[in-house]
Amino acid sequence: METASLQEQSSDLEEGFTAGRRFMIRVNGVMHDVSKDDPRTPLAPYLHFMLQLCGTKTMCFECSCGICAVLLEYDDPENLGNRITKPINSCLFPIGSLLSLKNHQVTTIEALGSVKKGLHPIQKRLADYNGSQCGFCSPGFVIQMYGLLKNNQTPSAQEVEDYFDGNVCRCTGYRPILDAMKSFATDSDPSLRGSLIDIEDLMICSKTKQLCNQSPLDEVEHLIGAAGGSMGLLYSKFGIKWYQPRTLTQLHQIMHNSREVKLINGDTSKGVYKGIYYKVYIDVKGVPDLYNVTMEPGGLKVWSNVTLSSLIDYLKQYSDQSPSYNVMAHYLLKVANRPVRNVAGWAGNLMLKYEHREFLSDVFVAFEAAGAKLTISDICESNTYTPMEFLDVNMQGKILLCVDIPKLAKDEKMNIYKVMSQTQNTQAYVSAGFRVQLGVSDTWENEQLIESISMVYIGINRNFIHAFATEKYLQGKDITSICTLKGALSTLDKEVIPDDGNPLFASATYRKSLTLGLFYKFYLSLLSEDIVSPCNWSAQFSLVRPISTGKRIYSSRPEKYPLTKPMPKLNAYQQTSGETQYVNDILPLPNELFSAFTLSEEGNATISSIDITAAMEVPGAAAVYLAKDIPGSNTFMPPPHEVEEILSSGPVLYAGQPVALCVAVSQHRALEMVERVKVTYKDQQPPIVTLEDAIEKKSFYPPPGKELLVGDPIGAISVSPCKIEGEVRAGEQYHFHMETQICRCVPTENGLDVQASSQWLDFAQQAISGAIGVPLKEVNITAKHLGGAYGAKVNRANLVACGAAVAATLLHRPVQCIMDLTSNMKAIGKRHGYIVKYKVGFNEDGTLNGVIITYYCNNGSSPNDHEAGQYFAYSDNAYKCKNWQLIPVAVKTNLAAHTWCRAPGSMPNIFVIETILEHVAKFLSLDPIRVKQKNLYAQGDTTPMGFVLPYCSIQELYKSQLTKVDVAGRLQAIKKFNADNSWKKKGLAVVPLKYCLYWTEGRFLCTVSIFASDGSVIVTHGGVEIGQGLNTKVAQVCAYVLGIPVNLISINPTTTINSPNSGTTGRSISSELNCLGVRNCCEILRERINPVKRMLPPGTLWKDLVAACFKCKVNLTAQSWVWPDPQPRDAPQYNSYGVTVAEAEIDVLTGENQINQVDILFDCGESLNPDIDIGQVEGAFVMGMGYWLMEKMIYNPKTGEVLNAGTWDYKIPFSKSIPINFNIELLKNAPNPMGVLRSKASGEPPQCMSCATLFAVKRAIEAARQDVGQDTYFPLSGPATVDVIQTSCLVDYRNFSI
Ligand SMILES: Cc1cc2nc3c(=O)[nH]c(=O)nc-3n(C[C@H](O)[C@H](O)[C@H](O)COP(=O)(O)OP(=O)(O)OC[C@H]3O[C@@H](n4cnc5c(N)ncnc54)[C@H](O)[C@@H]3O)c2cc1C
Ligand code: FES
Ligand code: FES
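Note that the structure is predicted; figures quoted are calculated from it, not measured.

(A) Highlighting the pairing of strand 33 (residues 834–842). The element strand 33 is largely enclosed, with a buried count of 7 among its 9 residues. As paired elements, strand 33 and strand 34 (residues 848–860) share 9 bridges and run antiparallel to each other. The residue of strand 34 that forms the bridge with Lys839 is Ile852.

Structure, rendered in structure tokens:
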């Protein structure tokens, strides 16, 4: 939305006309006139900028993260008198579309409750259950739940779990969110302390069924198509026409007379195919006839405005009429996510397939498999087609009118399968729908003949729909004969030729194997159990995921409260009520501008020219800046770092590098400008995209860390009885902070006020001061709340900070620089990827003798955020060996410079040594759990870094965890399961942890001030609250040391004024070091206060005590500069220990998998706040699971451009990706003598044990390989995605049998 576009709008008004006098939309009970706004404007930015309702957040603008959810209500066009109430995503829904919904009402998070006015029970419970960390996703979850409860006040726990398939949270690991929401369920686990909600709690008026405190709807004058002429023309401006027909005839007439038309139903297709513009928009939602649904003798007839959610409901409602309806409903629940299905129509889905033949349309598969018939009409006639025929109909001037979904005939059977990389909200790798008509043989009693079969696929190639040859082959064949199965598979194998070469698709081999595997599943489902071998029987079924559950075990010390007290985060209520103010929520000043980067499309070239003419023609354009315009140094990495240019001065090092900065009156306009900057290149060279290519070309930086040599590894390996060599990889990971990179700079009389979303203010200050050429004192940075960071905002946040600062300085106006998700994913580097090679020598019992590891670490286009050689302290994990050689290689590629991501270096290094131990065990045919146990450190052992382990307890922890979670018993059960099931396998793995914590790199300035008049306390510190609960822990420590209640304490936002020179918030140590600083401050204050206290009567109130101190001229402010000295010989401050046991189950035929159980035992010392620390463990672990099992960066092999820069192709864990049974125990009675108040860090260490999930999957794969006689070692690199898992199982269709 524009903030400074009034001029522009008035000229638009002159250009055309706006039909009707009042175009009102209703938000939270208030009517707003949108007649002057572009009807295409998505609701989310309208809420944000025009209505200043900032609780609704945005990130993806693809309808795929759920943070923009609002509740939409309107009169049901189909059933008069009914109201429809549903959560929708507001990032794509156009405001013009609301005008066609009768008596509509949009409810945002603000209407539910607030800290001041009183919280809604959902907001309160989410906070109380510790379900918000950074809080950026929280309003979306609250609204989604509100939508569920408005429709169903007594949901079951299953309904609650199923409801969140479109809400993403990167911080929490979902468990506390699901628990909070399930506490509203009728059958929730008694341990969830919630209760059912009543109608008052929902703030719904029992009479009107509307939100309380709002005017009744009948006061609303609703003008559908008012004064819009007979055709319902509502808008004719902004270069478009926007129609809102009210009858089918009108719709046909408009279609007949128009070209370049888009029909708008849900308008979600623009989340899939972006940047397509039309001249004519026709909102069909006002045509009542298109909502009809009738059950006819032949089947269900559904008209084209019916949404996918409603279609699913109807299919369920009529499931007694045909078993296929249930099958279709179940399958369609896998399309997109609930908010999308709530608005998206089946017709729009089919049209996507029509317009983009490669589109993986699930609706198409379902309809074609079911034998549905589509009716297509224009102004003159209507005709009926199969979905396949429809693809060849000329749709110019035509609409999809309705679909007839036939009932299954007697002896007809149908099923549909969708295999995707995740169980929720993901497009298919391959989908397959089968419908078969069976008949009885006249000749043989037991024969069952296939009279006809329909086999429909998507995901093979753009033209492959039916497996015609196999369909033909099967006709008349006996289904019970193995020959039929074998013959069909061999025919299918021949006719399926998947296209290959699109890096975004899974491999052709995998997709082909899926087509065969899915057919096999269907085939088995047709047979009776008595003729199928018991070990094949389970092949036909999908993995079953029960409701997730788990235990949290910890101890606390009430005598020390508020220290060690499990309590919600200080600002949790503001987060869940949407009141927390992130940078983007600061209301723009009247002259504020927005900026965005144009990114290079070449990966290794020199800029030849940049033409900004077209960009400057965009209405509202303010400026385009190039490298030459930067007033100071053109780098966002101040010295002594290597230069990383803010804007390329000529050389282009990677595709995605910023080359120009576009500034405009709105973010939308700035993005429009970005597209119009024309860049030409010269001297194009083939970029180095892969690590393999770089290694081959020896494209290396000087490694920042030295090789580590301990003992004589070469000698030790050569004399060892057993030796292995191997190679394994760990991929890259996008941080996926829900708040993308953002910064706002406001010129003031003293310089520049900066609101940054940065983990390191001091460094951002240096970068800005260098870029605009002013002293540091003129740059004042504040970081209040960050919507996630995970390392991406340590120094990469400097890029947007410098962009905004340069533009603000040159234009003397406030400027925001915001990265949209795509730019964020293209311009900014990820977690470093690795190829690692190793040689190991060991004894026959698995004892390690010598280890040589070479780490090839992908740094991308700059070595600034180096890892190579910096993290050797983690290379041994928990295992002792006398001889080590660790060799770092920093690899240079033409990708965005990679950067630190939660548990940098330690994650891959621990994975590598775990892989080595697994390899050793396999070589010796020993149980890896025992081989690991054999090599564990004991107290007093020395690590390769030369540090003695004074408090090492890993052997005891390992042993006790194995017993506690009954590893032996479960391994037996798994063995039996694997023997009984050929195509489902389970595996269990154990990963121990030793994690070194170093304090030396942390430096923070902390200040505690007591106000003499009322005794309240204000704390400032140099850390940044990024959702990790830093402020809460600091307040607990402050309260404990001063002996006052927590609610007397406030933590002020971090600024470069109150905490100059502070270091980065990261490495898990910021919470404890700031707690240390605040403890120091409070002890100083206590020292000053105590003499006065001794003069006062015992029991004097705190308020009176500080007043007395003031009178005695006591300084009530204390400061502490924390910058710990290194331990002797640079040893870590302390080590954290832990053990994780993970159990996985896989579907061998598809590679789909689930983590059935995870048990984590983690040593957090004496946790300062167990709620927060358990939240960190869960969040870190699930983020790690994403890294090892799901998240894969895909680059264009020719340019290096990120191809999956968005939510469509890059998937992080969803709420149903987490372990089904997720148990966490914080080690009891484990005070840390080397920590702050006996605590230990929790932010990163647990993440390093998440590779246990990959190894559990690997064990399951091994079981599958054993079945085909391939019981040998194989490496499993991360991410082990569904396709990798299936391929590793060595599935061969020739082994399929009955
Ligand atoms: C996050 C996300 C995830 C998704 N995941 C999946 C998935 O897993 N599987 C899958 O199959 N799809 C998926 N989709 C696609 C989704 O199903 C479609 O976007 C949706 O069904 C389109 O319906 P709509 O009403 O929003 O169409 P719109 O966007 O309103 O319209 C789409 C097109 O259809 C045309 N159109 C609409 N109605 C008619 C009509 N009656 N007659 C003729 N033309 C018409 C329009 O002119 C336009 O060209 C996903 C989409 C999103 C955003
Ligand atoms: S911003 Fe709307 S779903 Fe992501
Ligand atoms: S709390 Fe969910 S994304 Fe941060």
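(B) Spatial organisation of unusual backbone geometry. In this structure, the amide linkage connecting Tyr561 to the following residue, Pro562, adopts the cis form with an omega of 10°. Tracing the sequence through the fold places Pro562 in the loop between strand 19 (552–553) and helix 20 (572–576). In the segment running from Gly1278 into Pro1279, the intervening peptide bond is cis, with an omega of 0°. Residue placement: Pro1279 occurs in the loop between helix 36 (1251–1267) and helix 37 (1282–1288). Residue Cys63 is not a glycine yet carries a positive backbone phi of 60°.

(C) Examining the sheet that holds strand 23 (residues 651–652) more closely. Strand order in the open sheet made by the 3 strands is 23-21-25, with antiparallel pairing throughout. On the outer flanks of this sheet lie strand 23 and strand 25 (678–682), each paired with one strand and no other. Alignment of strand 21 (residues 605–611) against strand 25, held across 5 bridges, turns out to be antiparallel. Looking at the pairing, Thr606 lines up with Lys682 of strand 25.

(D) The sheet that holds strand 11 (residues 293–296), seen in detail. With antiparallel pairing, the 5 strands of this open sheet are ordered in space as 11-12-15-13-14. For this open sheet the edge positions go to strand 11 and strand 14 (382–385), each flanked by a neighbour on one side alone. The average undirected angle you get between the axes of adjacent strands in this sheet is 20°. In terms of strand pairing, strand 12 (residues 299–303) meets strand 15 (residues 399–406) through 5 bridges, oriented antiparallel. Its bridge partner lying in strand 15, Val302 is registered against Val403. Each of strand 11, strand 12 and strand 15 is contacted by helix 10 (residues 308–317), which is oriented at about 160° to strand 12, the strand it contacts most.

(E) Structural context of the site of ligand 1. Of all residues adjacent to ligand 1, which total 35 residues, the nearest are Thr268, Ser269, Gly345, Asp362 and Leu400. Between ligand 1 and the protein, one listed contact pairs an oxygen atom with a backbone N or O atom of Thr426 at 3.5 Å. For ligand 1, whose unbound accessible area comes to 980 Å², protein coverage reaches 98%. Where the shell around ligand 1 is concerned, the elements lending two or more residues are strand 9 (261–264), helix 13 (346–355) and strand 15. Among the elements that take part in the shell around ligand 1, helix 13 stands out by supplying 6 residues, more than any other. Residues of the shell around ligand 1, tallied by class, amount to 16 nonpolar, 12 polar and 7 charged.

(F) The packing of aromatic side chains, seen in detail. Under the criterion given, the structure shown has 37 aromatic pairs. The interplanar angle of 85° and the centroid separation of 5.3 Å between the aromatic rings of Tyr429 and Tyr510 together place this pair among those described as edge-to-face. Within this pair, whereas Tyr429 is found in strand 17 (residues 428–440), its partner Tyr510 is found in helix 18 (residues 508–526), the two being separated by 81 residues in sequence. The exposure class of Tyr510 is buried, given its relative accessible area of 1%. Centre to centre, the rings of Phe1181 and Phe1222 are 5.8 Å apart; their planes meet at 45°, and the pair counts as tilted. Within this pair, whereas Phe1181 is found in helix 35 (residues 1170–1189), its partner Phe1222 is found in strand 44 (residues 1221–1226), the two being separated by 41 residues in sequence. Like Phe1181, the residue Phe1222 is buried in the burial classification.

(G) Layout of the packing of helix 13 against helix 14 (residues 362–370). Across the interface, helix 13 lies against helix 14 with an axial gap of 8 Å and an inter-helix angle of 100°. The angle between helix 13 and helix 14 places the two elements in the roughly perpendicular class. Seen from helix 13, the contacting residues are Trp346, Asn349, Leu350 and Lys353; seen from helix 14, they are Asp362, Val363, Phe364 and Phe367. Of the residues contributing to the contact of helix 13 with helix 14, the split by class is 5 nonpolar, 1 polar and 2 charged.

(H) View of the pairing of strand 37 (residues 1004–1010). Across the 7 residues that make up strand 37, a large majority, 7, are buried. With burial as the criterion, each face of strand 37 is covered, one bearing Phe1004, Cys1006, Val1008 and Ile1010 and the other bearing Leu1005, Thr1007 and Ser1009. Looking at chain direction, strand 37 and strand 41 (residues 1117–1122) are connected through 6 bridges and run antiparallel. Residue pairing in the sheet places Phe1004 in a bridge with Val1122 of strand 41. Pairing between strand 37 and strand 38 (residues 1017–1020): 4 bridges, direction antiparallel. When the bridges of strand 38 are listed, Thr1007 appears paired with Thr1020. Turn length for the strand 37-strand 38 hairpin, with the two strands adjacent in sequence and antiparallel, is 6 residues, and the turn residue Gly1015 shows positive phi of about 80°.

(I) Structural context of the pattern of salt bridges. Taken as a whole and judged by the stated rule, the model has 61 salt bridges. A salt bridge links Asp499 to Arg511; its shortest N-O distance comes to 2.7 Å. One end of the pair, Asp499, is in the loop between helix 17 (482–495) and helix 18; the other, Arg511, is in helix 18, and 12 residues separate them in sequence. Of the charged contacts, one joins Lys880 and Asp941 as a salt bridge, the two residues approaching to 3.4 Å between their closest N and O atoms. Separated by 61 residues along the polypeptide, Lys880 in the loop between strand 34 and strand 35 (883–892) and Asp941 in the loop between helix 29 (928–935) and helix 30 (954–964) bring together distant segments of the chain. A network of salt bridges, in which partner residues are shared, links Glu914, Glu918, Lys932, Arg1259 and Glu1262.

(J) Highlighting the confidence of the model for the protein. Per-residue pLDDT for the protein averages 93, and the proportion of residues at 70 or more is 95%. A low-confidence stretch, residues 1–21 stays under pLDDT 50, and its non-local contacts, those more than four residues away or across chains, total 52 contacts. Note that residues 205–209 has pLDDT below 50 and, in this model, 6 contacts with residues that lie over four places away or in other chains.

(K) How the structure looks around the packing of helix 11 (residues 323–332) against helix 14. Remark: helix 11 packs on helix 14, axes separated minimally by 10 Å, with the N-to-C direction vectors making an angle of 170°. When the axes of helix 11 and helix 14 are compared, the pair comes out roughly antiparallel. Where helix 11 abuts helix 14, its residues Met328, Tyr331 and Leu332 lie against Asp362, Val363, Val365, Ala366, Phe367 and Ala370. Grouping the constituent residues of the contact of helix 11 with helix 14 by class yields 8 nonpolar, no polar and 1 charged.

(L) Layout of the state of the cysteines. Following the criterion strictly, the structure yields 0 disulfides and no others. Here Cys1006 is not disulfide-linked; the sulfur of Cys1081 is the nearest cysteine sulfur, at 5.7 Å. The cysteine Cys1164 is free of any disulfide, with Cys1075 supplying the nearest cysteine sulfur at 12 Å.

(M) Spatial organisation of helix 13. Most of helix 13 sits out of view: 8 of its 10 residues are buried. For helix 13, the set of buried residues is Trp346, Ala347, Asn349, Leu350, Met351, Leu352, Lys353 and Tyr354.

(N) Broad picture of the nonpolar core. Among the nonpolar cores identified, the biggest contains 249 residues, and Tyr457, Phe519, Ile916 and Val1017 are the most heavily contacted of them. Excluding residues that lie within four positions of it along the chain, Phe519 makes contacts with Phe434, Ile453, Met455, Tyr457, Leu474, Leu485, Ala488, Leu489 and Leu492. If you look at the next biggest cluster of nonpolar residues, it comprises 53 residues, including Cys63, Val335, Tyr354 and Met414.

About the thresholds
- Residues numbered from 1 in each chain as written.
- Chains lettered and ligands numbered in written order.
- Predicted model: local features only at pLDDT ≥ 70, side-chain atom pairs only at ≥ 80, totals over all residues.
- Heavy atoms only, no water.
- Buried < 20%, exposed > 50% of the residue type's maximum accessible area, 1.4 Å probe, protein only.
- Helix = DSSP H or I, 4+ residues; strand = E, 2+ residues; numbered from the N terminus.
- Pairing = 2+ DSSP bridges.
- Axes fitted to C-alpha atoms, helices over the stretch in contact; angles between N-to-C directions.
- Contact = heavy atoms within 4.5 Å.
- Near = heavy atom within 4 Å.
- Polar contact = N/O pair within 3.5 Å; in protein donor to acceptor, adjacent residues only side chain to side chain.
- Areas by Shrake-Rupley, 256 points an atom, 1.4 Å probe, with all protein chains shown as cover.
- Nonpolar A, V, L, I, M, F, W, Y, C, P; charged D, E, K, R; others polar.
- Phe/Tyr/Trp six-rings, centres within 6.5 Å; stacked < 30°, edge-to-face > 60°.
- Parallel < 35°, antiparallel > 145°, perpendicular 65-115°, else oblique.
- Salt bridge = Lys/Arg side-chain N within 4 Å of Asp/Glu carboxyl O.
- pLDDT = per-residue confidence, 0-100.
- Disulfide = S-S within 2.5 Å.
- Core = buried A, V, L, I, M, F, W, Y, C linked by side-chain atoms within 4.5 Å.

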